[in-house]
Every structure is written in C-alpha cells, then in structure tokens.
Amino acid sequence: MSGAREKKRAKKMRNQPASVTLPAEPGPFPGGGSRACPPSGDVRSEQQYQQQKFSNQSSGPSYRKDQYFPKGQNRGERGRGRGGWQGGRVSEEMPKYITVSTFAQARAAEINAMLKAVAQKSSNSLVFQTLPRHMRRRAMSHNIKRLPRRLQEIARKEKKEQSKTKCRKARRRHINLVAEFNRRQRKNIWLETHIWHAKRFHMVKKWGYCLGDSPTEKSYRACYRAMTKHCLLQDLSYYCCLELTGKENELLKQLARICSIDTGLTFEEACCLSGRFEGSLNLYRADRYPEDMLGPITFIWKPRDGSENRQLWIWMHPALKQDMLRELKAVFQCSEPEEIYIPEPITTTIQEEKQVDVVLSLGKKRKKEDKEGEKAVPVKKIIGDGTRDPFQSYSWISQTTGIVISDRTMEILRYRLIGPLSHSVLTETLKAASLQTEVADSETELNNWWVENCKDSEKVSLHQRQSAIFELLEGMSSPSEMPPGTILGLTVGDPRVNLPKKKTKAMPDFEKYQDNDKVRQLYLEGVPVDCAHSFIWDQDICKNVTENKISEQDLNHMRAQLLVPGSHLDLGPCESKIPILLVQQPGKMAGEDRPGWGSGWDIYLPKGWGMAFWIPFIYRGVRVGGLQEALKHSEYQRTPHAPNDFPDCQAGMQFAKELETSLLEKFKRRPPAKRANYVKLGTLSPFVCPWGQLTKNWEGRMKASGEFVHPSSPHPELCATEGHSFCDSKAEVVKEASPETGEVEETMEIISSEGVLKTEDVIGAQEFGERDETMTTSDFIVLRSEKLLMQLSAWCYPTAGKDRRLRLISRLGQKEMTEDVFLPILMSYPRALVWVNLSLLRKGNPELHAMICIPAEDDLVHLSKDKLFCGPQEPKHRDIFKHKVQKLKEEKKKKKKDNTKALESDPPSVPDKKTTEEHEDLILGLWSDALPDITSHCSRTLLGYVTRGDFSLAAGCGEALGFVSLTGLLYMLYNQPADKKGLVLLRTPASLQYRFARLNIEV
Amino acid sequence: MVRFKNRYVLCEVVSEDPRCRQCIEDRAVGLAVRDAVGRVHGDYGLACCSISFTVKYLNAYTGTVLLRCRKDSYRLLCSALPFVRQLESRNQRYPCSLNTLHVGGTIRTCQKFLIQYNRRQLLMLLQNCTNEEERRCIQKSLLSCSLTEEHSQSGDEEDDDGPE
C-alpha cells in the first residue's frame, strides 16, 4: 500500500522544481552536487541549465575580484553572476553584457522549470474530470472526441491503460478461466482439489505446491471431533511417489543399504514384501546408519503376479524428495534417463490437442469472434503436475541391473480419511464395479481393459472376493481393528452416479452385521494377500481411466435428461471403472492410552479423478482438514511429523531455519517495549533449538565428570555421583554411588561379578574413543533403534510400587538400569537425541521451543509435600547486553544528529552507513554472542527442547513432543529416585515458571 | 474532502550586496522571516505563522522565494515580510529586503505567476537594452525558454510511455 502511494507521489513530484541554492563549498564549482536537484526530474534540462551557468560564470573576466572582493578569490568568483538578480541597479559597475546574459539565463531557466511543473497534470483525476464544468459533455469518458482537441491525446493514453484487462465476464468464460488457471499452475503445483480448497482454506505455498493450511471457518475443535468420532478427510496428493521396478533380490540387496533393521521394519519384511501390508520406515544414506538421515517413508510392494520384476512404491513428503531421489539414483546407479518414456508425453499432447479440437468444433462460433481464438487452441485443463517439462524424462534406468526408478509424483492421488467411521464413508461412497462383458462404444477405449478382465474367470472371482471384503468393512466399528497397514485393492464404479441429494452423515449399520461370521473372520485373519491386487499398478490402465473420464458437464447433461428428475442415473456400460487402492492407517500404536486413535484409510486414485471422488466424500458428511489438522493429528498420535520433527535430515534443518527467520521477523515487528527480553528470562535461543550445541555440551559434561571427580557444575553433588558412575573401574565405588534400591544392587553385583562384561565395556570404551574422532564431524543423531528405545522407555516408567515396575520390566524383557547396561549406550551414542513426549502433571500449557529441564532434588521434595505446588521459578537473569545495545543506540542517535547537522551545513557529505550497519543484528532481548554452555545456563539443567506443544484435546492436559539429549536423559534417570522417574520440568521461552511434566518414550 | 487551506507567498530577495545570494537557502530565509514575524507580531503572531510554515521553493540565482503558511494567518506573515532586514548564514549576514510578488492559494498559481513575471522581466530587459550583443543574448535566452518547454513536454511523453 504505502509503496504504491510513495510511487504515486514520486511520479507526481517528479516534475516539481527543487530549490536552487548557490554552491556551498568555496572554490571551483563542484559538479552539480551542491544543488539539490530533483532526484527523478528532468536531468537533461537541469544539466543544461547548470552548464550554461558554469560557462557564463567561468567566462567572466577576473577584474571584478580586484574591484569588489579583495578578501578572496572564492567570493569574487561566486559574486560574478550577481547582476543576474538585480539587473539594472548594479549594472553600472560592471560590463553590461555579462550581467544581462546571466540575468536572462537565470530567468529563462526558472521559467523552464516552472513551465515543466505547470504543464504536468498534477492531480490523479482523469483528463475530462479536470475540465471546468461548462466544458463537460455527456459520455466524455467513453467518446474521446467529445473532449477538446488539445486534451484528446492525453485522454487516449489514459483510455488505453484502462482497457488492458478484460471484463469480468470475459475473464470468467470457461476457456479463458482454464487458461488463466493453467498459467497460475506453472509455478506451483496445484492439487486437483485446489479450487475447492482455495474457496474454503487459507492457502500456503510450500514445497512447490499450493496447499490448504487450515479452514477459514472456526473448526479447531470440530476437526478434532471428526478425527475421534467421525471422519476427517485430507488431500495428501502432494506426497511424492517414487516407483522402483526390477528384480526382487536386486532391489532388496540395494535397499538394505539405506535402511536398518535396528529401526524396526525394512523393505524385506515378509508381510510387506508379499504386498499384503504397507510398511513405514526411516531411510538413511547408504551404509551411513545411524547418521545422515534421509527421512521417513511409507512403501508398498506390488503383490507378486508371476513375473520376475517387482514394483515398489515409496511414498514420501515432498520436502524430502530431492534428497531421496538422489540417494536412490546413486544406490541403484540409475544415472541415465530412460528413453522409452520420452515419447509418452508427446503422444499425450497430441491426444490433448485432438480433444481440444473436438471442444473447439462445439464452440466454434465464439472462438471465431475471439481475436485470440487461434492462439487459445491448446487450452486444456492440466491434470497432474503442471510444472513438469513435458520433454524431460522422469524415470531413470540402471544399465547393470535394469532397475527403473520413475518419479510418479502427482500421477496417483492420495486422500486420507481419519476417524472411526471412515470405512462407512468409504463403503457408502464407493460401489464395486459391475461386471461387463461388452464394450459400450467400440470407438473409444472406455473400459476396454475392464471388459478384457471380465473375460477371465479367475480375475472375476478375485474381484468378487475383493468387493465382498469391502462390503464387510461396514461391519467394523473402527479401522483400527484391522491389522496395521492392510491393503485392499478394488475396482469401483463412478462415485458421482450415486451422489446423495443432500449432505448426509454416513453412519454404520451395526445390527446388520451383529452375528456375521464373515466379519469375525475378517477381524481375525485380515485381508488375504491376493485381495491386495489392484489395477492401479498398471500405468496403461491408469492412463486409460484418466483420459476416458466422463466430464462433469456431460454427466450433468445426462442427469438433466432423465425421465424422472432426481432419480438414479444408470450409465450402464458407459460407466467408468476406476481401479483404487485402500490402505489402512494404523493410528496410534505406541503407548498405553487411546490405542488406535486416529486410524483411518488412505485411498489411492489414478489422476484426473480427484474431484469426482472428493465431492461424494464431502456429501457423506466428512470434515476436511489442511496441513494444520494433519499436524494436530500426528501430535495427538505422538508421532513425529515430517519434516518438522526430523532435525537430523536436510529438510528438517531447512524447516528449522525457515521457522527461525519467520519467528524472528514476528518478534521484530513488535514495538521494542512490548517484546519479551529473552536474555532476562534466561532463554538462550527462543526461535530455534540448538541441537548440536545441546548434545555437544552434554557430551562435554559427561567427559568432564568422567575425568574429574569434582567438576565445576551447578549441581556438584549430583555430578560427583555421576562422576563415580562413569568411572567403570571399581565395583565398590559403583555400589556406594548407586542410589538404587537393594534389588538393583543385587543385580549389579551379579553383573559386575562377571568380569567378561567389564572387559567388554573397556573395549567398548576404546572403540568409542576411536569412534569419537570420526563422530566429531557429524553433529548429532536421533536415536531410532527400537531395542534401545524400548529399554529407555522401560526406564522412564515411574514405580509407585516396585512390583509394577518389575512386572513391566519382566514383561518387556528388559534389564534393570545399571551403568553396565547404559554405559555402552552412552559410549556408542555420545551425541544422540531421543524423541520423547511429555504430559504436564498440573497446570501449564507448553509451547514451541519450550525447554525441558531436570528438576532439582528440592523441587521433587516440594512436589510430594505440596499438592498445589506448580513448579519452581527461574530467578531473573541480568541482561548483559543491555548497556551494549543502549550504547549503540546512543551512538546511532548521535550520528544521526551529526549527519543532519552535516547535511544542513554541508549537503554533499554522505552519511557513513557502514558503522551503523555493523551492529544491525544486535537486538535488545536476544542473545547476541555465541551461545555459552546451554545446559547449565539456567538454574535447572537443560535436557532438551519441545518441538510441538499445545493443550491436548485428546488427553485433557498440556502435552508436548520434543527431543532430549540421550546422555542427559540417562544421567537424569540414573539419579532420580525410583518413584519419581521421568519427572522433568518444562519452561516456555517467554516465562520464568517451570512446570512439572512426565516424560515418556513410546515405542 | 476537507483540506487545510494554505496561502503561498511568492517574494523576491532584494539586496545591494551580490554576496547575499549565498545566504539564500531554506534555513536562512525561514529563520529571517520567523524572526521578523516574532518582532512585529510577538509570540502570538509567531505561533500563528509557524503552523505549517515552510519555504517551499527558492532560487538563489533569481532570488525567488516561495513561502507557505496557513490561510488564517497569511496576513500576519505578509505584513511582517517588509521587516525582514537581513539574511544570516554561516556567520555572515547581508542586508536585504523581501519584495512580495504574489500571494496564491496553490503552488501552481504561483508557478504560473512566476512564469508570467519572469517573461515580463525579460521583455522589459529586451526593450531597455542598449547594445546589440545584449539584445542578442536576451533574445537567445527568451527563445531558449520557450523552446525547451516543448522539448521537455516531448520528453515527458517518452517518460510516460517507458514504464507502461
């Protein structure tokens, strides 16, 4: 706004004359600098003016100096042109011709400047509006010739400007609208539901897509309710799909390098490999586990169909795609683009043009009138990725193994239904395709694949089995009752046909299935392997289905022609059959509370059918969520969300950086007096989590306490015990230092009596020493080893009574917490982070980047005594940067004053910007030096940071997710009494109040 | 729309001393006028005149000065202008006086008046000139000013076409 206004003003002031003063510096005339020229003014005429002046003045003879200005040459020179302003009177004393010429030239120049100012139209009004009333005529703006002739030229220019944009009606005409949409899709990819979303959502541009962030209506709680009670729909089509094709063992051999058995599943998992279940895992750079994380993915194998080649889909977040694609290409040595696929886009464009031709013949009349009719021929709605270069190949082949990697992003749509009723929505919306043995229209390719398929009795029976299982889904009370990741392939009819007249909520009819053995069988056995087969794997069929979709217009036309309005439209053989894939999402699996919360179904569709499935879903009463809702969903599930919660992968770092800049911007926008002073609050980095520094500091602490018995630390007594514990030399020392119960000591004795273990430890320590040097290059890792996490999780449990803990430990098959067990962990992972969740004990609402701290012993004592005790307070810190900032400010002020003074006295002096810009980044309230030891900066030792925190509607209290340092966590757990295990303190960045929270690790 | 109405006073600095020209600058002129108003009308008058008082334009070579003040108090200003006796700048002061040429409601009218006034001056000079050289000079400058006007207009058009 203001920018535009300034521009307007600059344009207006461009021709206004600026003040003309004499050159200020004595001496030879400095070139033009002294005169305040209009910055954007007509430089040419000004220069001319000045040059005239110079020539006149310098041409003057020097005699006058002697006569009138004996004091100095400078004045004499300056005074030479004085006759210019009082021509007649002073003229007796000097030769007249010079005086007159300067006089005349000065006037002439001024006249010029003034003329220029006057001639320019000063107001913002149009020409005909500036005319006096009596000269106005009707319809002057329309017909230029009604204006006086002298103004016609200007008016013509104005009119041309206006007619640049077409009228709204023309813009909204379908063909122009599509062209406009296509133009806008070139930069950022639009999902197929974009228009629908754009009308109802706050849209954001992220990762090269236009995505709905959150609904514009108030729906925070409603979306949560939909997730828990009904169904929340989300368009996940922006997730990227990479397809790997090749021999199974070749694929597996290489894929084993980029994932690890430690983290849970691998690509080789038997049930996933058969194609029965979807798997999810974390990818690492080849052979680099546990460093160099690439990101989380989900994968689906195509069920075996007899042929040697297997197909594998890897689905990932778009932020992670480039890294993964590069790594996969490197692993499989797929460097050259595959040539077979290049002609494909060309053929499609030809077909597109053909189709457009058909369209054109329909609407030719209008097209002919349109001036740009010829040009507008290739206007076709973009389906899929609009930013792709049609002549670039998006698949790569390996010469040695014949493995093909193809990028199928935006080729396959993916919707996610979350909530217990999502399968009743599915069963109501989708109807299994009817069998068809005759081709409806021999000219088109519509459904010819389906007809072919129906001739095969085996495939027909498979289809029937699939549809039978699909029908049975309605009898389930929640999708979480299915085994996690179940895949069901299906071929369905056009969902637009059975659209209800009104939006209704899909509700299951349980009575129908009360005593159904089949449902029970489905519970127990899950979906059989062969039912996972779907035609969506076949690219040709997908293309056929995409191209032969009946347009919305035609469908509506057919509806209109029904004999009984509003009756069911039966398309018969013309009805499209669409292959889809249904994949169950397991929901919350880890932890004890709310099992199966947030489970649902993912539906995979061939592209082009997005809206055809979307609207019927909407008509079944689902609620639609955006990115924010997805974030909340994963928050309540307590799972990390890509890419926010993967600080060790590239995309996560990028995300953190962007978040920091945006938060800093937001902070700077506040008036300085209203900002939180984070230095005083003891928050070192309120906008970003310094994971590297955190792990490094903890490592340093551990080392320091291992080497020195009395390290300098805020908790000397704690550290002393720790110091003992880290010296794994004598068992007696361990015994003394151990605050554990007698049982623990017993177990410890048993373990320590075995000398073998100890020596192992020593070896481990040595290895660690060697490894440490190599580790220093990489900053930190996130611990994802399932075994270790299980162990940690068991250790985190508080034990009210000992038996419970023992039972739990025996159940999990875990060892008791002794240094023999955790020392090797520490050694092998000196700089690791652990994903934890925290739920607040009493008051408090955690925020982003809240600090997780270790409670002091007094705090725990106080907590057990006082029921209303909410948590200790952090003492106020001193702002050590305050006087620095103030000094800078004063300096700046002074300089400014000096500058203005200098400007007044000496216009051409340039303000020295360098010194002011030097300290630009020093902001009051932010830590501006390099961070000190962040763990011991505050009164409570820092353990980690919260990456997401909010009041949890699901749990009914504040909940947070975050990372803590593994070293710190072990240190804390080891020193805490048994019944207070896992208690930590949380402090939000802008507060001094600590709150108690329970730390949990869910595996 | 309601706006604050101003009066623009176009005056000419008259001085015996040619060195006075170097004192003709925004601050010096403004101070001198303010001082005169203060002397003549006292604090009240000074306060009245100070509202939105500025030197909008000045030309040291021709001695033209354009002052702005509120419409309510322009009489105070105009009556004080003859009492301006000197201009002071950089510790140098030169005696001079202000000769009011025109009082207008907009800058535009003042500019128009200034064009007219300057033309008249030039023509007068042309009539009064005594030798041939002089006559030639004045004619040249007279012609130049009218010529450049057209030039500048054409330049204007080019400018306008440029960004669009």
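Right above here is the structure, for reference.
It should be emphasised that the depicted structure is a prediction, and the values quoted were computed from it without experimental measurement.

J.: Run through the overall build of chain A, naming residues and quoting values.
T.: When helices and strands are tallied, chain A shows 39 helices and 23 strands. A total of 1003 residues make up chain A; the buried ones form 51% of that total. Accessible area of chain A: about 50100 Å², with a carbon and sulfur share of 52%.

J.: Describe the overall build of chain B, naming the residues involved and giving the relevant values.
T.: Summing up its helical and strand segments, chain B has 4 helices and 6 strands in all. In sequence order, chain B lays out its α and β elements as β-α-β-β-α-β-β-β-α-α. Burial analysis of chain B (164 residues in total) assigns 48% to the buried set. Across chain B, every contact between residues at least 6 apart in sequence was considered, and the portion connecting residues at least 24 apart equals 68%. Accessible area for chain B stands at about 8800 Å²; split by element, carbon and sulfur atoms hold 51% of it.

J.: Just give me the short version of the packing of helix α12 (residues 220–229) of chain A against helix α25 (residues 627–637) of chain A, but keep the residues and values in it.
T.: Residue and element names in this part refer to chain A. It is the contact of α12 with α25, at a shortest axis distance of 11 Å, that shows an interaxial angle of 55°. What the angle tells us is that α12 and α25 run oblique. Taken as a pair, α12 and α25 cross one another with a handedness that is right-handed. Note on element contacts: α25 touches α12 through E629, K632, H633 and Y636, opposite Y220, C223, Y224 and M227.

J.: Would you mind going over the packing of aromatic side chains in detail, with residue names and values included?
T.: Residues and elements named next belong to chain A. Inspection of every chain in the model, using the stated rule, returns 29 aromatic pairs over all chains. Centroid distance W313 to W315: 6.1 Å. Interplanar angle 85°. Geometry classified as edge-to-face. One exposure class covers both W313 and W315, and it is buried. A ring pair is formed by W449 and W450, whose centres lie 5.6 Å apart and whose planes are at 65°; its orientation type is edge-to-face. The same class applies to W449 and to W450, which are both buried. Three or more aromatic residues joined by ring pairs make a cluster, and in this case those are W196, F201, Y415 and W614. The cationic tip of R414 hangs over the ring face of Y239; the distance from NZ or CZ to the ring centre is 5.4 Å. Seen from the ring of W315, R414 lies directly overhead, with NZ or CZ sitting 5.2 Å from the centre.

J.: How would you explain empty space enclosed by the protein if you had to name every residue and give the values?
T.: Residues and elements named next belong to chain A. Using the criterion set out here, one finds 18 cavities of 30 Å³ or more in the structure. Quantified by volume, the second largest cavity comes out at close to 100 Å³. Lining of the second largest cavity is provided by 13 residues; of these, L191, H197, L211, G212 and D235 occupy positions nearest its centre. Counting residues per element, the ones that place at least two in the lining of the second largest cavity are α11 (194–200), β3 (209–215) and β4 (232–235). Here the lining of the second largest cavity takes 3 residues from β3, the largest share from any one element. Class assignment of the residues belonging to the lining of the second largest cavity gives a composition of 6 nonpolar, 6 polar and 1 charged.

J.: Would you mind going over the sheet that holds strand β15 (residues 600–606) of chain A in detail, with residue names and values included?
T.: All names here are of chain A. The mixed open sheet is built from 6 strands, whose spatial order is β13-β14-β15-β12-β4-β16. Two strands in the sheet have a free side with no partner beyond their single neighbour: β13 (487–493) and β16 (623–624). The strands that helix α24 (residues 610–619) touches are β4, β12 (412–418), β13, β14 (577–585), β15 and β16; relative to β12, the one it contacts most, it runs at about 10°.

J.: Lay out helix α18 (residues 422–429) of chain A with the relevant residues and their values.
T.: All names here are of chain A. Counting buried positions along α18 yields 7 of 8 residues, so the element is predominantly enclosed. Inspection of α18 places S422, H423, S424, V425, L426, T427 and T429 among the buried residues, and these make up the whole buried set. Looking at the buried side of α18, the elements it contacts are β12, α20 (457–472), β14, β15 and α24.

J.: An account of the packing of helix α33 (residues 786–796) of chain A against helix α39 (residues 966–975) of chain A is requested, with residue identities and associated values reported.
T.: Residues and elements named next belong to chain A. In contact at an axis separation of 11 Å, α33 and α39 are set at 35° when each is read in the N-to-C sense. Seen along the crossing, α33 lies across α39 with a hand that is left-handed. Listed contacts from α39 to L792, W795 and C796 of α33 are L966, L969, L970 and L973. Classifying every residue of the contact of α33 with α39 gives 7 nonpolar, no polar and no charged.

J.: Outline the sheet that holds β3 of chain A, supporting the account with residue identities and numerical values.
T.: Residues and elements named next belong to chain A. Overall, mixed pairing links the 3 strands, which are arranged β1-β3-β2 in an open sheet. Strand pairing shows two members of the sheet lacking a second neighbour, β1 (189–190) and β2 (201–206), which therefore form its edges. Its contacts with the sheet put α25 on β2 and β3, and the angle it makes with β3 is roughly 70°.

J.: Before we move on, can you summarise unusual backbone geometry with the specific residues and values?
T.: Residues and elements named next belong to chain A. Looking along the chain, the bond that leaves A642 and enters P643 is cis, with omega of -5°. The phi angle at H849 is positive, at roughly 65°, despite the residue not being glycine. Position of H849 among the secondary structure elements: in the loop between β18 (832–840) and β19 (851–853).

Cut-offs applied
- Residues numbered from 1 in each chain as written.
- Chains lettered and ligands numbered in written order.
- Predicted model: local features only at pLDDT ≥ 70, side-chain atom pairs only at ≥ 80, totals over all residues.
- Heavy atoms only, no water.
- Helix = DSSP H or I, 4+ residues; strand = E, 2+ residues; numbered from the N terminus.
- Buried < 20%, exposed > 50% of the residue type's maximum accessible area, 1.4 Å probe, protein only.
- Areas by Shrake-Rupley, 256 points an atom, 1.4 Å probe, with all protein chains shown as cover.
- Contact = heavy atoms within 4.5 Å.
- Axes fitted to C-alpha atoms, helices over the stretch in contact; angles between N-to-C directions.
- Parallel < 35°, antiparallel > 145°, perpendicular 65-115°, else oblique.
- Left-handed = near helix turned anticlockwise from the far one by under 90°.
- Phe/Tyr/Trp six-rings, centres within 6.5 Å; stacked < 30°, edge-to-face > 60°.
- Lys NZ or Arg CZ within 6 Å of the ring centre and 35° of its normal.
- 1 Å grid on protein atoms, 1.4 Å probe; cavity = no way out; pocket = protein on both sides within 12 Å on 5 of 7 lines; lining within 4 Å.
- Points joined across faces, edges and corners; volume = space filled by probe spheres on them.
- Nonpolar A, V, L, I, M, F, W, Y, C, P; charged D, E, K, R; others polar.
- Pairing = 2+ DSSP bridges.

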